[in-house]
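Observations on the model geometry
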Amino acid sequence: REYADISLKDIDQVAKNSFPLCMRHLFDKLKEDHHLKHGGRMQLGLFLKGVGLNLEDALAFWRAEFSKKVGLEKFEKQYAYSIRHNYGKEGKRTDYTPYSCSKIISSTPGTGDHHGCPYRHFSEENLRAALDRMGVNSRAMEDVLDKARNRHYQLACTLTFEALHGVPCDAGINHPNQYFSDSKKILQ
Ligand code: SF4
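Note that this is a predicted model, so its numbers are computed, not measured.

**Here we look at the nonpolar core**
Grouped together as the largest cluster of nonpolar side chains are 54 residues, with contacts concentrated most on F19, L44, L48, W62, Y119 and L131. Lining this core are residues from two domains, each supplying at least three of them: domain 1 (8-86) and domain 2 (101-187). In contact with F19, other than residues within four places in its own chain, are I6, V14, R24, F27, F47, L48, M134, Y179 and F180.

Written as structure tokens, this is what we have:
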């Protein structure tokens with residue numbers, strides 16, 4: 001496998017420590033609303049596949065949340081298929097690849113959507129609050145917001161990574177799964 005593995009039992013902790021803000025936001029919203037719209041399911045679902053969550057665990061993960069909102073039966077009928085589809089088990093059996101930063105940054109989330117890149121798609125106020133919840137200190141905060149304001153979204157994400165991990169990230173962030181694997185390497 002290309003990336004570090006993740007297992008269902010420590011997914012909450014791992015999300016907190018090693019998910020980039022775009023995925024952390026989707027993860028938190030899913031836990032809060034027990035639902036995500038299509039764009040969010042794709043962005044988070046393929047990321048989780050990329051970090052090594054296997055199909056069985058992925059089904060259990062989505063089922064646990066969605067069944068609280070839509071019920072088990074509707075989950076199985078309406079949503080389980082697309083999860084298997086993302087793993088290439090249904091339809092054309094295409095093996096879908098996790099989205100890169102540039103793909104996520106250029107997406108256009110609508111009302112009620114939670115996918116996209118927070119550095120681009122959040123208001124400054126919401127971005128500040130989200131970074132604060134992540135644990136970005138006030139000194140780094142202004143640099144991150146400044147980069148986002150100047151449309152250097154990946155640099156803003158890189159500065160966030162550096163502030164949270166206390167080490168430089170010279171290569172910069174260009175993929176959410178790279179953020180994750182770099183973080184795991186440092187925190188291990
Ligand atoms: Fe996610 Fe990339 Fe945006 Fe960071 S720069 S939040 S990894 S899309």
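**Topic: the domain arrangement of the protein**
Each assigned domain of the protein is listed here: domain 1 (8-86) and domain 2 (101-187). The distance between the C-alpha centroids of domain 1 and domain 2 comes to 21 Å. Each partner contributes to the interface: domain 1 provides 21 residues, whereas domain 2 provides 23 residues. Together, the buried faces of domain 1 and domain 2 total about 1,800 Å²; carbon and sulfur atoms form 67% of this surface. Here domain 1 and domain 2 share 0 salt bridges between them.

**Thoughts on the packing of helix α10 (residues 153-165) against helix α11 (residues 176-187)**
Contact geometry for α10 and α11: axes closest at 11 Å, N-to-C directions at 15 degrees. Classed by the angle they form, the pair α10 and α11 counts as roughly parallel. Considering how the two elements wind past one another, α10 and α11 form a crossing that is right-handed. Residues C157, T160, F161, L164 and H165 of α10 lie in contact with α11, whose contacting residues are Y179, D182, S183, I186 and L187.

**Thoughts on unusual backbone geometry**
In this structure, H34 takes a positive phi of about 55 degrees despite not being glycine. Considering the arrangement of structural elements, one finds H34 in the loop between α2 (21-33) and α3 (38-50). The phi angle at R151 is positive, at roughly 65 degrees, despite the residue not being glycine. Its location among the elements puts R151 in the loop between α9 (138-149) and α10.

**Here's the deal with the site of the ligand**
The ligand sits among P20, C22, C101, I104, C117, P118, Y119, Q154, C157, I173 and P176. If you list the elements that add at least two residues to the shell around the ligand, you get α6 (101-105), α7 (118-121) and α10. Considered class by class, the residues forming the shell around the ligand number 10 nonpolar, 1 polar and no charged.

**Re α9**
With 12 residues, α9 ought to run about 16 Å at 1.5 Å a step, and its terminal C-alpha atoms sit 16 Å apart, in line with that. All buried positions along α9 are accounted for by A140, M141, V144, L145 and A148. Buried residues along α9 cover an arc of 135 degrees about the axis, so they all sit on one side. Within two residues after α9, R151 carries a phi angle of roughly 65 degrees, on the positive side.

**Some points on the packing of aromatic side chains**
Enumeration according to the criterion identifies 11 aromatic pairs in this entry. Relative to F75, the ring of F66 lies with its centre 6.3 Å away and its plane at 55 degrees, an arrangement referred to as tilted. The burial state of F66 is the same as that of F75; both residues are buried. Taking 6.5 Å as the distance between ring centres and 20 degrees as the angle between the ring planes, the aromatic pair formed by F75 and Y79 counts as stacked. Of this pair, F75 and Y79 both sit in helix α5 (residues 72-86), 4 residues apart, which is roughly one turn of that helix. Of the residues examined, Y79 reaches a relative accessible area of 9% and is grouped as buried. Members of the aromatic cluster, joined through ring pairs, are F19, F27, F47, F61, W62, F66, F75, Y79 and F180.

**Remarks on the packing of helix α8 (residues 124-134) against α9**
Viewed as axis vectors pointing N to C, α8 and α9 meet at an angle of 140 degrees, and their least axial separation amounts to 11 Å. Comparing their axes, α9 and α8 come out oblique. In the crossing of α8 with α9, the sense of the turn from one axis to the other is right-handed. Residue-level inspection shows E124, L127, R128, L131 and D132 of α8 in contact with α9, the latter providing M141, E142, V144, L145, A148 and R149. Among the residues forming the contact of α8 with α9, the class breakdown is 6 nonpolar, no polar and 5 charged.

Rules and cut-offs
Residues numbered from 1 in each chain as written. Predicted model: local features only at pLDDT ≥ 70, side-chain atom pairs only at ≥ 80, totals over all residues. Heavy atoms only, no water. Core = buried A, V, L, I, M, F, W, Y, C linked by side-chain atoms within 4.5 Å. Buried < 20%, exposed > 50% of the residue type's maximum accessible area, 1.4 Å probe, protein only. Domains from an automatic or database assignment. Contact = heavy atoms within 4.5 Å. Buried area = accessible area lost by both parts, 1.4 Å probe. Salt bridge = Lys/Arg side-chain N within 4 Å of Asp/Glu carboxyl O. Axes fitted to C-alpha atoms, helices over the stretch in contact; angles between N-to-C directions. Helix = DSSP H or I, 4+ residues; strand = E, 2+ residues; numbered from the N terminus. Parallel < 35°, antiparallel > 145°, perpendicular 65-115°, else oblique. Left-handed = near helix turned anticlockwise from the far one by under 90°. Near = heavy atom within 4 Å. Nonpolar A, V, L, I, M, F, W, Y, C, P; charged D, E, K, R; others polar. Expected span 1.5 Å × (residues − 1). Arc of directions from axis to C-beta. Phe/Tyr/Trp six-rings, centres within 6.5 Å; stacked < 30°, edge-to-face > 60°.

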